[in-house]
Number of protein chains: 2
Amino acid sequence: MKTTTISNVKEAIIRFKELDEKICHLNDILSLVSWDQKTKAPKKSASIFASAIGTLSTETFKLAISDEMTELLEYLSLDENSAELELEMAAAVRERKAHSRKLAKIPEAMYKEYSILVSRANAVWEEAREKSDFSIFEETLGKIVSYTKKFIELYGYEGHPYNALLEDYEPGLTVEKLDPLFAELRTRSVALLDRLKRKGAEPAVDFLEADYEIEKQKEFNSFIVPKLGFDMAAGRLDESAHPFAQPINTGDVRLTTRYRLNNMRTAIFGTIHESGHGMYEQGINPDYEGTVLREGASFGIHESQSRFYENFIGRSSSFWNHFYPKLQEHFPEQLKDVELDAFCRGINQVAPSFIRVEADELTYNLHIMVRYEIEKGLFDGSIEVKDLPKVWNEKMNEYLGITPPNDSLGVLQDVHWSFGGFGYFPSYSLGNLYAAQIYYTLKKEHPELESFIEKGELSFIREWLRERIHQYGKLFTPNELIVKATGEELNASYLMNYLEEKYSRVYKLNAV
Amino acid sequence: MKTTTISNVKEAIIRFKELDEKICHLNDILSLVSWDQKTKAPKKSASIFASAIGTLSTETFKLAISDEMTELLEYLSLDENSAELELEMAAAVRERKAHSRKLAKIPEAMYKEYSILVSRANAVWEEAREKSDFSIFEETLGKIVSYTKKFIELYGYEGHPYNALLEDYEPGLTVEKLDPLFAELRTRSVALLDRLKRKGAEPAVDFLEADYEIEKQKEFNSFIVPKLGFDMAAGRLDESAHPFAQPINTGDVRLTTRYRLNNMRTAIFGTIHESGHGMYEQGINPDYEGTVLREGASFGIHESQSRFYENFIGRSSSFWNHFYPKLQEHFPEQLKDVELDAFCRGINQVAPSFIRVEADELTYNLHIMVRYEIEKGLFDGSIEVKDLPKVWNEKMNEYLGITPPNDSLGVLQDVHWSFGGFGYFPSYSLGNLYAAQIYYTLKKEHPELESFIEKGELSFIREWLRERIHQYGKLFTPNELIVKATGEELNASYLMNYLEEKYSRVYKLNAV
């Protein structure tokens, strides 16, 4: 393999493009398959189809770390060759390298053992969560952590060992950069939460827990999704146990949501959230089809788009100023006595709770801070797996002021660790930080923003995001992209200023 | 490639199984993708996703005709080796050989030219059909026929050149075997049709063309499909422009149907038809998953299962004796004044018409005879492409007594020729012939059959079919299978006796 078979850069580019395209095509098909399994496949299919999916995944994986790909990446990364690459090609090489470099460092046998461990871990975690008993999951989680520690050593890292994991989700971000951002986020959020709980006027929310007929919720969702700017001719909206947005290609992005009779917020805000992800994928430059660039820049940037629409648009008074009458039409009984202002305060209630996915806009980040501190500790050796329930509960109490009564409402609630997804959680808060900074920039450039939203004219927002963020796919690193879009590096003040201003209003902190 | 790398039969079997499994897994995924494109994919997806599908199809195709496969098939077919193979392995080798032998004979460049021609032909055919102008399609069809003639020479054949095409759909069947079967079918059908039209009492059908609310039709269909024995936990029922049954695996078989407000027969009989295909696929031995044997024995045998349920069960008085009250519950207005007997006569009306897919049970085969005679003529040189409209209309007049007023109601109605599917049409009538012979056998062994159907107890029929036909997949050739299941080779009398008896009753031919 070491004797190169490549004669020149031009040839290398052609071969790279072919291979990249093949991998992307097979990944697109795997995306469709994954969507199908979660939404349409009949019950008896899964256990049989798993081996077919395994076959295609393996073939795709093999191509990504093939000798051919390794050789091409090495060749195209040589100084004299990389200088000849155009922007797109250089970015594609960077992305493929990031993907295959780390995988190539893990011995095949070790990777196989780990894959088997992880594929079995989900069932163990589910059982533990169901029985609310961390001890059932402890051994398995211990093994996953210990493999991950080995991987970190094999990958190599600078600074904190957790950096080796973070870069899979947010290339370029490190503990050293995150710590100050998250410190500001944590301390100001804890302080704000304390003020709201002590001095704030608690909004009423009882009307949100009435019976909201599910068929009517579906109608309203189908009405709202295209209004946001999601193109229904290039996507779908279905139901699934856990909501998600699954891109197949720029002409086919599939959203799911779920409905709760007694909680209309679940479906509406979940759907708006997924629409944000979906518009990002629909807006990527179609020339990037069949290349590794046709994906969001990072997990954090992706989450910024969903949070932007869910919170900055969807939970704003300007938005409901226009859409609330329509919602009332759908639910005249439930909402006839609820004024717009009361509705907007209700959907913005802050209430510390045990479960992350049900958290409000403010306490959500505190849930992430708990996980961030724990993950760092697991990999710098300051926290041991056996102590997780205790540490979890202490941090929940410290940040949110509440202590989970059991493991299933505490340390066992999230699926991520069971698939080895360490480093993933920070993306959620990064998404909020990016979203606030983007929102601030948009508003600075378009001071008339709110008046457009109040008229339900949302399409120019999508156009702006498409121009600044969406179109680029993976062309830029997250940091390059946010600087390009907003003029500065990520800064936690935008989110905190926004939250302080918003909740002072909602909770009438400055009222006489 | 010619120097073998295989040391012994055991090793060859292991390698063959691995490769066969990989091909089957990728084909299962392609099946899912194909279902999705026809039922769920958003409008803007198709043009982009086509290249991803192309990539996976090409990879799968390459594996099927790979040097590795060719070498394994040659090795396992050597007399001294094939003697060592178990029944299943011998059948798998037979099926893979049939598949790759012919493909390997076509030069790659020629195959590529042909693929491009055929991929463009659909649009040309559609335009021609829309404008009802054969001349638009003539040149393209001429090229497809001329490529097919070259393929026939490259494949080689015994007897009639059309045999080289027939064997793709019905392995082992030849013009020499089909001619006498179809001659009996044609002459007796023409004679019966003539008697019905001259002496029969025409059933009323006006009530079938009332408005049948589509939601209610869907409800009834969802009720009837599991009653037939189709397992809804191992399948789905959706809508599509053209109904089909798409197996993904034995735990996942997807049916589609279509609804017409003014013709409830379309959905009901279409759905029963596809359920027949579906139960076949659900009933194949699950040990055959991941092997080439996990498919129906042939197009004709597959069609026998759908026709069996559609016609022999679904259009019988015994069936409606049980289910008609339920249908009346769904459509009280439309059916309140229609007696069971009148309903059963109505759904069995015989009416020569121009369009094959709308034809009744008797004239359907005459539509196939038109196509069979024409396809034979195209490939033995007795019919030229430019004369097709004329020949078509003459044969329609000869067999059905009607002359299509234009090409779109005539020679342009079917999609098959545009994808080069010559040899496909006979399967439809073979399905009817097989179905009748199978029905005769079932009834001989279970004289109480009708009384079970009258009670709506249909599951034992599926069990019997599963035992005799379904479970075997492609283990046996169609001829072996029909002999095993019914004790004799295919015989046209069963179908003709059944049709003569049935229509004498429906048309009251023997009434005083």
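Analysis parameters
Residues numbered from 1 in each chain as written. Chains lettered and ligands numbered in written order. Predicted model: local features only at pLDDT ≥ 70, side-chain atom pairs only at ≥ 80, totals over all residues. Heavy atoms only, no water. Helix = DSSP H or I, 4+ residues; strand = E, 2+ residues; numbered from the N terminus. Rg over C-alpha atoms; globule rule 2.2 N^0.38 Å. Buried < 20%, exposed > 50% of the residue type's maximum accessible area, 1.4 Å probe, protein only. Contact = heavy atoms within 4.5 Å. Areas by Shrake-Rupley, 256 points an atom, 1.4 Å probe, with all protein chains shown as cover. Lys, Arg positive; Asp, Glu negative; His and termini not counted. Charge placed at Lys NZ, Arg CZ, Asp CG, Glu CD. UniProt positions renumbered as here; feature names shortened; annotations may be inferred. Polar contact = N/O pair within 3.5 Å; in protein donor to acceptor, adjacent residues only side chain to side chain. Pairing = 2+ DSSP bridges. Axes fitted to C-alpha atoms, helices over the stretch in contact; angles between N-to-C directions. Parallel < 35°, antiparallel > 145°, perpendicular 65-115°, else oblique. Left-handed = near helix turned anticlockwise from the far one by under 90°. Nonpolar A, V, L, I, M, F, W, Y, C, P; charged D, E, K, R; others polar. Salt bridge = Lys/Arg side-chain N within 4 Å of Asp/Glu carboxyl O. Buried area = accessible area lost by both parts, 1.4 Å probe. Least-squares fit on C-alpha atoms with pLDDT ≥ 70 in both. Expected span 1.5 Å × (residues − 1). Core = buried A, V, L, I, M, F, W, Y, C linked by side-chain atoms within 4.5 Å. Domains from an automatic or database assignment. Phe/Tyr/Trp six-rings, centres within 6.5 Å; stacked < 30°, edge-to-face > 60°. Lys NZ or Arg CZ within 6 Å of the ring centre and 35° of its normal.

## What about the overall build of chain A?
Reasoning step 1: Assigned secondary structure in chain A consists of 22 helices and three strands.
Reasoning step 2: Expected size for 512 residues packed as a compact globule is a radius of gyration near 24 Å; at 23 Å, chain A falls within 12% of this value.
Reasoning step 3: Principal-axis analysis of the C-alpha atoms places the extent of chain A at approximately 75 × 50 × 50 Å.
Reasoning step 4: Taking all 512 residues of chain A together, the buried fraction comes to 55%.
Reasoning step 5: For chain A, contacts bridging at least 24 residues in sequence account for 74% of all contacts bridging at least 6.
Reasoning step 6: In the form shown here, chain A has an accessible surface area of approximately 21100 Å², with 51% of it arising from carbon and sulfur atoms.
Reasoning step 7: Computing the positive centroid from 61 side-chain charges and the negative centroid from 81, chain A places the two 2 Å apart.

## Here's the deal with the UniProt feature "active site" (unreviewed entry) in chain A
All names here are of chain A.
Reasoning step 1: Summarizing the sequence annotation, UniProt attributes the feature "active site" (unreviewed entry) to E274 in the numbering used throughout.
Reasoning step 2: Of note, E274 is situated in helix α11 (residues 264-283).
Reasoning step 3: Of the residues examined, E274 reaches a relative accessible area of 8% and is grouped as buried.
Reasoning step 4: One polar contact links the side chain of E274 to the main-chain amide nitrogen of A245, over a distance of 3.2 Å.

## Here's the deal with the sheet that holds strand β2 (residues 245-249) of chain A
Residues and elements named next belong to chain A.
Reasoning step 1: Spatially, the three strands line up as an open sheet ordered β1-β3-β2, and their pairing is mixed. Whereas interior strands pair on both sides, the edge strands pair on one side only; in this sheet they are β1 (235-239) and β2. In this sheet, adjacent strand axes meet at a mean angle of 20° when their direction is disregarded.
Reasoning step 2: Pairing analysis gives five bridges linking β1 to strand β3 (residues 252-257), with the strands arranged parallel. By the bridge assignment for β3, R236 is matched with R254.
Reasoning step 3: The strands touched by helix α1 (residues 9-39) within the sheet are β1, β2 and β3, with β2 carrying the most contacts at an inclination of about 140°.

## Some details on the packing of helix α9 (residues 175-199) of chain B against helix α16 (residues 363-380) of chain B
Residues and elements named next belong to chain B.
Reasoning step 1: Contact pair α9 / α16: the axes reach a minimum separation of 10 Å and the direction vectors enclose 140°. One element, α9, and the other, α16, form an angle in the oblique class. Crossing geometry of α9 relative to α16 is assigned as left-handed. When α9 is examined against α16, the residues V175, L178, D179, F182, L185, R186, S189, V190 and L193 are found in contact with a partner set consisting of T363, N365, L366, M369, Y372, E373 and K376.
Reasoning step 2: Looking at the contact of α9 with α16 residue by residue, the classes come out as nine nonpolar, three polar and four charged.

## Remarks on unusual backbone geometry
Residues and elements named next belong to chain B.
Reasoning step 1: In this structure, S132 takes a positive phi of about 50° despite not being glycine.
Reasoning step 2: By the secondary structure assignment, S132 is in the loop between α6 (108-131) and α7 (134-155).
Reasoning step 3: Phi at K508 takes a positive value of approximately 50°, unusual for a residue other than glycine.
Reasoning step 4: Looking at the element boundaries, K508 is found in the segment after α22 (493-506).

## A closer look at the pattern of salt bridges
Reasoning step 1: The full count for this structure, using the stated rule, is 87 salt bridges over all chains.
Reasoning step 2: Of the charged contacts in the structure, one is a salt bridge between K44 of chain B and D231 of chain A, with a shortest N-O distance of 2.4 Å. A residue pair is termed interchain when its members come from two chains, as with K44 of chain B in the loop between α1 (9-39) and α2 (46-64) and D231 of chain A in the loop between α10 (214-228) and β1.
Reasoning step 3: In this structure, K216 of chain B and E219 of chain B form a salt bridge, with 3.8 Å as the shortest nitrogen-oxygen distance. One end of the pair is K216 of chain B and the other is E219 of chain B, both in helix α10 (residues 214-228) and three residues apart, which spans about a single turn.
Reasoning step 4: Overall, K216 of chain B belongs to the partly exposed group, its relative accessible area being 29%.

## Focus: the interface of chain A and chain B
Reasoning step 1: Counting residues at the interface gives 36 residues for chain A, matched by 36 residues for chain B.
Reasoning step 2: Taken together, both faces of the contact between chain A and chain B bury some 2900 Å²; the carbon and sulfur share is 67%.
Reasoning step 3: Applying the counting rule to chain A against chain B returns six salt bridges.
Reasoning step 4: Note that K22 of chain B is salt-bridged to E59 of chain A, the shortest N-O span being 3.1 Å.
Reasoning step 5: When residues of the side of chain A that touches chain B are traced back to their parent elements, those giving at least two are α1, α2 (46-64), β1, β2 and β3 of chain A.
Reasoning step 6: The element that contributes the greatest number of residues to the side of chain A that touches chain B is α1 of chain A, accounting for nine residues.
Reasoning step 7: Taken together, the residues of the side of chain A that touches chain B break down into 16 nonpolar, eight polar and twelve charged.

## Remarks on the relation of the copies chain A and chain B
Reasoning step 1: With an RMSD of 0.0 Å, the operation that places chain A on chain B is a rotation of 180° combined with a shift of 0.0 Å along the axis. This pairing of chains is accounted for by a two-fold axis.

## Regarding the UniProt feature "coiled-coil region" (unreviewed entry) in chain A
Reasoning step 1: Feature annotation in UniProt places "coiled-coil region" (unreviewed entry) on residues 75-102 of chain A, given in this structure's numbering.
Reasoning step 2: In residues 75-102 of chain A, the share of helix is 82% and the share of strand is 0%. The end C-alpha atoms are 18 Å apart.

## A few points about the sheet that holds strand β3 (residues 252-257) of chain B
Residues and elements named next belong to chain B.
Reasoning step 1: Taken together, three strands build an open sheet; the order of strands is β1-β3-β2 and the sheet is mixed. Two strands in the sheet have a free side with no partner beyond their single neighbour: β1 (235-239) and β2 (245-249). Direction aside, the axes of adjacent strands within the sheet are offset by 20° on average.
Reasoning step 2: Strand contacts of α1: β1, β2 and β3, with the helix running at about 140° to β2, the strand carrying the most contacts.

## Observations regarding α22 of chain B
The α-helix advances 3.6 residues per turn, and as a result positions three or four apart in sequence lie on the same side.
Reasoning step 1: The end-to-end C-alpha distance of α22 of chain B is 20 Å, a good match for the 20 Å that 14 residues give at a rise of 1.5 Å each.
Reasoning step 2: The inward-facing, buried residues of α22 of chain B contact α9, α12 (299-313), α15 (340-346), α16 and α18 (426-445) of chain B.

## Considering the packing of α1 of chain A against α1 of chain B
Reasoning step 1: Direction vectors running N to C along α1 of chain A and α1 of chain B enclose 75°, while the axes themselves pass 10 Å from each other. Judged on the interaxial angle alone, α1 of chain B and α1 of chain A are roughly perpendicular. Every residue of α1 of chain B that contacts α1 of chain A at I29, L32, V33, W35 and D36 of chain A is listed here: I29, L32, V33, W35 and D36 of chain B.
Reasoning step 2: Looking at the contact of α1 of chain A with α1 of chain B, its residues break down into eight nonpolar, no polar and two charged.

## With respect to the nonpolar core
Reasoning step 1: Formed by 316 residues in total, the largest nonpolar core has its most connected members in W320 and F343 of chain A together with W320 and F343 of chain B.
Reasoning step 2: Two domains each put at least three residues into this core: domain 1 (9-105) and domain 2 (215-342 + 431-506) of chain B.
Reasoning step 3: Apart from residues lying up to four places away in sequence, F343 of chain B is in contact with F207, L208, M264, W320, Y324, L327, L335 and V338 of chain B.

## Description of the pairing of β2 of chain B
Residue and element names in this part refer to chain B.
Reasoning step 1: In terms of burial, β2 is largely enclosed, as four of its five residues are buried.
Reasoning step 2: The pairing of β2 with β3 spans four bridges and is classified as antiparallel. In the sheet register, Q246 faces β3, and the bridge partner there is R254.
Reasoning step 3: Linking two consecutive strands that pair antiparallel, namely β2 and β3, is a turn of two residues.

## What to know about the side chain of K376 of chain A
Residues and elements named next belong to chain A.
Reasoning step 1: Looking at the element boundaries, K376 is found in helix α16 (residues 363-380).
Reasoning step 2: By relative accessible area, which is 10% here, K376 ends up buried.
Reasoning step 3: Among the polar contacts made by the side chain of K376, one reaches the side chain of D179 at a distance of 2.7 Å.
Reasoning step 4: When residues no more than four places from it in sequence are discounted, the contact partners of K376 are H160, Y162, V175 and D179.

## Thoughts on α2 of chain B
Reasoning step 1: Under the 1.5 Å per step criterion, the end-to-end length of α2 of chain B is 26 Å for 19 residues, consistent within 8% with the ideal 27 Å.
Reasoning step 2: By the burial criterion, the buried members of α2 of chain B are F49, A52, T55, L56, T60, L63 and A64 of chain B.
Reasoning step 3: Against the buried residues of α2 of chain B lie α1, α2 and β2 of chain A together with α1, α3 (67-77) and α5 (87-105) of chain B.

## Overview of the packing of aromatic side chains
Residues and elements named next belong to chain A.
Reasoning step 1: According to the stated counting rule, one finds 74 aromatic pairs over all chains in the structure shown.
Reasoning step 2: A ring pair is formed by Y114 and F151, whose centres lie 4.8 Å apart and whose planes are at 85°; its orientation type is edge-to-face. Residue Y114 is located in helix α6 (residues 108-131), and its partner F151 is located in helix α7 (residues 134-155); the two are separated by 37 residues in the primary sequence. Of the two residues, Y114 and F151, both sit in the buried class.
Reasoning step 3: Here F312 and Y439 contribute two aromatic rings whose centre-to-centre distance is 5.4 Å and whose plane-to-plane angle is 40°, an arrangement assigned as tilted. Residue F312 is found in helix α12 (residues 299-313), and its partner Y439 is found in helix α18 (residues 426-445); the two are separated by 127 residues along the sequence. Each member of the pair, F312 as well as Y439, carries the same accessibility label: buried.
Reasoning step 4: Aromatic rings pair up to connect Y169, F299, Y364, F379, W392, W417, F419, F422, Y424, F425 and Y428 into one cluster.
Reasoning step 5: Over the ring of Y364 we find R307, and its NZ or CZ is 4.2 Å from the ring centre.
Reasoning step 6: K326 extends its terminal NZ or CZ atom over the ring of F223, reaching a point 4.7 Å from the ring centre.

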